[in-house]
Amino acid sequence: MISEVTGIRRIRMLYLQLLYRCNFECLHCFHGERLQRADAFTTDEAVNLLTLMRDEYGTEAVTLLGGEPFVYRDLAQVVRYAKRDLGMRVEICTNGYRIERRLAEIAPDLDLLRVSLEGIGTTNDKIRKFGSYRSALSALEIAQQLGVRTGATMTVTSRNIDEVLPLARTLQHYRVEQLKLHCLRPVGNAADHSELLVNDATAYTRLREGLASAELDIEVILDEDLSEFGACLPAGGHVEIERIEADPRGALTMSCKAVGKDSHAFWYDKLAGHIDHRPSATDELTLAVPDVVYGRV
């Protein structure tokens, strides 16, 4: 269905939000009140979507998210199926809070553990949860001991934009390979915390200049929106895209501007096991441009 409507024939990665439920209530979370909803993929539904994406769109990798994926009961089954049965590269994006036991269970089938951090020490804890900074670093240490490669994510806000470089250097100490920086959008919880928005767009320019001159060993990847103007490219003419994201309801998003909005052209019908096209006046068939990379490649 996607290829018939858009011409896209290959989707390299599926971002699969297994559930909305989370053990955090971060100030900037784009899910907002959806964190209280019960929507979630069953194991069979997740497995069927993974199989469909592999068979129809050549999807070779999956990133499992939530909510918080480590509170998803059947996480191990989904990870094992994606890795062992489909041969996919498996990544998990987590808050890293008290995940040690379950991480050890899935480590043999996990290619990358990506932990979310929002700065150093109390800067992170005030946005995410008290004690979450130390817990996240502990999760990174344990992943290394288990032989799992590690990465991190950070949503750039007015509170932490000056801690991007200090955090990158701290993560280097923990042998983290990659730090992804995301642009904060005023949706979900962030809509109630406008003080987190970076209102001086030139601050992004200074951030990019600082990263370019920092000679970091860690690879730092920036959303292209972390610029003075932001960016999206139209979908027309693309036959291959980097990723598509499925939320716990089955809504599929390809747009870099659709995060946190009910703006979806395609849905995965969990009962029927296929993808439907549901166009509306708010659909956004636009794709994110390639990220910008600094540091080690």
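Residues numbered from 1 in each chain as written. Predicted model: local features only at pLDDT ≥ 70, side-chain atom pairs only at ≥ 80, totals over all residues. Heavy atoms only, no water.

Chemist: When you look at the overall build of the protein in this model, what are you seeing that I'm missing?
Modeler: Scanning the protein for helices and strands turns up eight helices and 14 strands. Put simply, of all contacts in the protein between residues at least 6 apart along the chain, 73% involve residues at least 24 apart. Just so you have it, the protein exposes about 13,000 Å², and 49% of that area is on carbon and sulfur atoms. (Helix = DSSP H or I, 4+ residues; strand = E, 2+ residues; numbered from the N terminus. Contact = heavy atoms within 4.5 Å. Areas by Shrake-Rupley, 256 points an atom, 1.4 Å probe, with all protein chains shown as cover.)

Chemist: Would you explain the nonpolar core in this entry?
Modeler: Most often, soluble globular proteins keep nonpolar side chains buried together rather than apart. Residues L16, L64, L113 and L181 are the most contacted members of the largest nonpolar core, which totals 77 residues. Excluding its chain neighbours within four sequence positions, the residues that come into contact with L113 are F70, I92, T94, I99, L103, A139, A143, V148, R149, T150 and G151. (Core = buried A, V, L, I, M, F, W, Y, C linked by side-chain atoms within 4.5 Å. Buried < 20%, exposed > 50% of the residue type's maximum accessible area, 1.4 Å probe, protein only.)

Chemist: Looking at this model, I keep getting lost on the packing of aromatic side chains. Mind explaining?
Modeler: Between two aromatic rings, the relevant description is the distance of the centres plus the angle of the planes. The tally for this structure, following the rule as stated, stands at one aromatic pair. Ring centres of F24 and Y97 lie 5.4 Å apart, and the angle between their planes is 65°; on these two criteria the pair is classed as edge-to-face. Taken as a pair, F24 in the loop between β1 (10-17) and α2 (43-57) and Y97 in the loop between β3 (89-94) and α4 (100-106) lie far apart in primary sequence, 73 residues in all. Across the pair, Y97 and F24 agree in class, each one buried. Here the basic side chain of R243 rests over the ring of Y15, its NZ or CZ set 4.8 Å away from the ring centre. Directly above the ring of F41 sits K270, whose terminal nitrogen or CZ lies 4.4 Å from the centroid. (Phe/Tyr/Trp six-rings, centres within 6.5 Å; stacked < 30°, edge-to-face > 60°. Lys NZ or Arg CZ within 6 Å of the ring centre and 35° of its normal.)

Chemist: What is the right way to look at the pairing of strand β12 (residues 274-277) in this model?
Modeler: Regular strands place side chains that alternate from one sheet face to the opposite one. Summarising the sheet, strand β11 (residues 266-269) and β12 pair through four bridges and their orientation is antiparallel. In the strand pairing of β12, Y268 is matched with I275. In this antiparallel pair of consecutive strands, β11 and β12, the connection spans four residues, and G273 shows a positive phi of 75°. (Pairing = 2+ DSSP bridges.)

Chemist: Just to check I follow, could you spell out the pairing of β1 for this structure?
Modeler: A large share of β1 lies buried, amounting to seven of its eight residues. Direction of pairing for β1 relative to strand β9 (residues 240-246): parallel, over a ladder of six bridges. By the bridge assignment for β9, M13 is matched with R243. Relative to strand β2 (residues 61-65), β1 runs parallel, the two sharing five bridges. By the bridge assignment for β2, Y15 is matched with T63.

Chemist: Can you walk me through the environment of L65 in this structure?
Modeler: Summarising the element assignment, L65 is placed in strand β2. Spatially, the C-alpha atom of L65 lies 6.0 Å from that of L16, the residues being 49 residues apart in sequence.

Chemist: How do you make sense of helix α3 (residues 75-85) when you look at a structure like this?
Modeler: An α-helix turns once per 3.6 residues; consequently, residues spaced three or four apart project the same way. Every buried residue of α3 is listed here: L75, A76, V78, V79, Y81 and A82. Just beyond α3, the residue with positive phi is G87, at close to 70°.

Chemist: So what exactly am I meant to see when it comes to the environment of L211 here?
Modeler: Inspection of the secondary structure puts L211 in helix α8 (residues 202-212). For the pair L211 and V164, spaced 47 residues apart in sequence, the C-alpha to C-alpha distance is 8.8 Å.

Read these as geometric descriptors, not functional statements.
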